[in-house]
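Results of the structural survey
One letter stands for each residue in the lines below.
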Amino acid sequence: MTTSNVRVFVTGIGMISPAGFGAAAFWDDLRAGRRRFQEMPSLYAGMKPGTLGAFVPATAKEAAVSLLRTRDRTELPTASIFSTACALEALTNAGLRPGDNTVRNAVVCLGSSDGQAEILEAVVDGRRHSGSTAGRFNSYTIAEDLARVVGAAGLALTAHSTCASANVALAYAVDLLRDGFADIAIAGGCDTFSAKNIIGFSSLQAIGPSRCLPFSQDRRFVTPAEGAGVLVLQTERSVTERQQPLAEVLAVAVNNDASHPTATDKVGIAACHQLALDRAGLDPSDIGAVFAHGTGSRVNDMVEGEIFAERYPGTPITAIKGTVGHLMGGAGAAGTVAACLALADEFVPPTPVDPDRTELALNLITGAGLAKPGLRYVQSNAFGFGGNNAIAVLGRPA
Amino acid sequence: MFTFGIEHTSLYDYGTKDGRLGDLPPDLLDVIGPSGDKYRDPFTRACLYLVRHPAATTGRGDTIVIGTEYGNTAALAQLQRAAADQGRLLSAQHFPNATSSSAAAFLAINVGATGPNTTLNAARLTPAVALWRALLALASAQSTTSHLLIGDIYAPEASLDDRAAQHRDGVAYGKLCATGNLRARFDFSVKGTASGGGFRIGYDGGQPAREYTERNGAFATMDFLSRAQTLSAGETVVFECFQSTGQRAEVVVTKGRALR
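Residues numbered from 1 in each chain as written. Chains lettered and ligands numbered in written order. Predicted model: local features only at pLDDT ≥ 70, side-chain atom pairs only at ≥ 80, totals over all residues. Heavy atoms only, no water.

A word on the pairing of strand 6 (residues 156-160) of chain A. The side chains of a regular strand alternate between the sheet's two faces. The buried count for strand 6 of chain A comes to five of five residues, which makes it a mostly enclosed element. Because side chains alternate across strand 6 of chain A, one face comprises the buried residues Ala156, Thr158 and His160 of chain A, and the other comprises Leu157 and Ala159 of chain A, equally buried. The pairing of strand 5 (residues 107-111) of chain A with strand 6 of chain A spans four bridges and is classified as parallel. From the neighbouring strand, valine 108 of chain A faces strand 6 of chain A, where its bridge partner is alanine 156 of chain A. Sheet analysis places strand 6 of chain A next to strand 5 (residues 118-121) of chain B, joined by three bridges and oriented antiparallel. For threonine 158 of chain A, the partnering residue across the bridge sits in strand 5 of chain B and is asparagine 121 of chain B. (Buried < 20%, exposed > 50% of the residue type's maximum accessible area, 1.4 Å probe, protein only. Helix = DSSP H or I, 4+ residues; strand = E, 2+ residues; numbered from the N terminus. Pairing = 2+ DSSP bridges.)

All names here are of chain A. Within the secondary structure, threonine 295 sits in the loop between strand 10 (289-291) and helix 11 (298-311). At 3.1 Å, the side chain of threonine 295 forms a polar contact with the backbone nitrogen of serine 297. With near-sequence residues (within four places) excluded, threonine 295 lies in contact with Cys212, Phe221, Val222, Asn300, Asp301, Lys321 and His326. (Polar contact = N/O pair within 3.5 Å; in protein donor to acceptor, adjacent residues only side chain to side chain. Contact = heavy atoms within 4.5 Å.)

A word on helix 13 (residues 331-345) of chain A. Spanning 15 residues, helix 13 of chain A covers 21 Å between terminal C-alpha atoms, matching the ideal 21 Å at 1.5 Å per step. Taken across its 15 residues, helix 13 of chain A has 13 buried, putting it largely inside the fold. (Expected span 1.5 Å × (residues − 1).)

A separate point is the state of the cysteines. The final tally for this structure, using the stated rule, is zero disulfides over all chains. Distance from the sulfur of cysteine 272 of chain A, which forms no disulfide, to the nearest cysteine sulfur (cysteine 163 of chain A) is 15 Å. As a non-bridged cysteine, cysteine 241 of chain B has cysteine 109 of chain A as the owner of its nearest cysteine sulfur, 16 Å distant. Looking at cysteine 241 of chain B, the relative accessible area reads 0%, which means it is buried. (Disulfide = S-S within 2.5 Å.)

With 59 residues of chain A in contact, the opposing surface of chain B contributes 57 residues. Regarding the contact of chain A and chain B, the summed buried area is about 4500 Å², with carbon and sulfur atoms giving 62% of it. Sorting the residues of chain A by area buried against chain B places Val124, Tyr172 and Lys196 of chain A first, and these three jointly supply 14% of that buried surface. Between the two partners, chain A and chain B, sit one salt bridge. For arginine 133 of chain B, the salt bridge is made with aspartate 175 of chain A, and the minimal N-O distance between the two is 2.7 Å. Linking chain A with chain B are 20 residue pairs in polar contact (both at pLDDT 80 or more), by the criterion used here. (Buried area = accessible area lost by both parts, 1.4 Å probe. Salt bridge = Lys/Arg side-chain N within 4 Å of Asp/Glu carboxyl O.)

Another aspect to go through is the layout of surface pockets. All names here are of chain A. Approximately 460 Å³ is the volume attributed to the largest pocket. What lines the largest pocket is a set of 25 residues, among which Ala206, Thr262, Ser297, Asn300 and Phe385 lie closest to the centre. Contributions of two or more residues to the lining of the largest pocket are made by helix 11 and strand 15 (377-384). No other element matches the three residues that helix 11 contributes to the lining of the largest pocket. (1 Å grid on protein atoms, 1.4 Å probe; cavity = no way out; pocket = protein on both sides within 12 Å on 5 of 7 lines; lining within 4 Å. Points joined across faces, edges and corners; volume = space filled by probe spheres on them.)

In this section: the nonpolar core. With 100 residues, the main nonpolar core has Phe26 and Leu233 of chain A together with Val129 and Val253 of chain B as its most contacted residues. Discounting residues that sit within four places of it in the chain, valine 129 of chain B has contacts with Leu155, Leu157 and Tyr172 of chain A together with Leu120, Ala122 and Phe188 of chain B. Listed in part, the 37 residues of the second largest apolar core include Val65, Leu96, Val108 and Ala152 of chain A. (Core = buried A, V, L, I, M, F, W, Y, C linked by side-chain atoms within 4.5 Å.)

Quick look at the environment of arginine 35 of chain A now. Residues and elements named next belong to chain A. With respect to the secondary-structure elements, arginine 35 resides in the loop between helix 1 (23-32) and strand 3 (38-39). Assessed through its relative accessible area of 35%, arginine 35 is described here as partly exposed. Spatially, the C-alpha atoms of arginine 35 and threonine 323 are 4.8 Å apart, while their sequence positions differ by 288 residues. Setting aside residues up to four positions removed in sequence, arginine 35 forms contacts with Arg211, Gly322, Thr323 and Pro352.

Treat this as a map of the structure, not an account of what it does.
Here it is as structure tokens:
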């Protein structure tokens, strides 16, 4: 990360998730701990019957599509639709308009693990994908489509770091702003339903017929989901008086375990935590709440939970994957958007698990959630296969 | 402005040539190791070969930055087909090799690269953005060495994605270090008008600029890194990347003059 001291603020957010379209629907489900998990269709002979997943409802997709021009409604693939619609919501939220002078110079940084998966999978299967397919499964097209629709003419990129992709993209955006390449960035992450991805998780026995139970002694499976989250980031000098930032991005730390292709490594993850805190200039005791990666897998939650118990004793912890599922490459964006909402609402949403079954000595927020007046600093964790780690630390805007 | 050195450069250009499958390096499995190779795709093999080659020594704490448009597409397709063919017998070893950042993951494990590893796709601007990211890891002191890999080994599906483009397999590698007397300056501003897209290397001393119009940025990147590595004091090399939509990225590298 750059050593510049340019301050970066979140001025707008957008979300699409199994809760529906919009940050409000997302936060509403998180506050209520309302799950929308359903059985997935079997994709191959090795998949467990009744495996659960979570999908963006058709009404939400229709709402997203309705924001686009007619041509884009039929030609854009789903990942582009999700990301672009979230960007439009985030810009509105920030008091900005597509194509205006501020947005025209924006850089676009999106994270995705599976990119335009539906198109590649159709090609492999020998199926024709609706809409234009030439040049479409190149993952860059997600960022390119978003940039074109919002009228951003600056640098655009897609970052791939498995389930840490969105927070890695956030790191790119913050560094580009701090290095002076732009004053505004549109950053986030997205993944849509990918058959290849579901098959892969199934082959690892990581998904199944019982729901995600983060940090519970009864946890067994990850619940895969789809969706996107986008944030508008602006440098301090570009924020106008009529804008009301939701959060300040104090630090985004990225590192790698360099240890195992799929298993989480405590040394690497602990190092990422320390790097994030060092860069934010904070101690663990300063953190008012952590949006954990909390996938509900045995290994991740044990490693992450041990770090919380050892280094963040008493800090409120919550794991939103227990409510909305695991948005894969979009998970970091969901966590970071939720962190912004937590700061704004001074509220930590619950993890929908039995509090008496929590493993390790964590202050896991369950039940009705936790009102947290004066909440000042929030952390959003994202870790992925291949040892990818990315942690964002946000602060209440001063 | 970034200060850095280039310790090593190499190009992996095995693969398809003029539409025909070319020869692979004879020492490929000796260098990358046979364990798990059945599940690797050609792109991961290429990246491992470049970084693990004896000429390119490695160390713990390094950073891996891979700039690629289609990366591990072959492995993604391979997993999907294997699931259809093998059903319950599908091996769990496919999936770790079949993510969009698998090459970076296995490189990190091999090298012990605990830095801010990343795989990125900025289309024609990829080489410049990836180089910026690699140098940022050095400048922030998170690593003392960054391994930069740029290019593609095109799976058949990737070639179908843009039938009009020239597809030549290749991956360029640069081992960058925090000490050295090269200085890099970046410009990602929007300039120019929409054109065909491509790369240009500009040199000091009246040498004509070299232009590359093919899609794969590996060859232009290799040209640029090789030239930067051999600059004389005070000389400059300029690497320009052009998007067909008008965006451009420029990297200017100058070799510092020796102190008296």
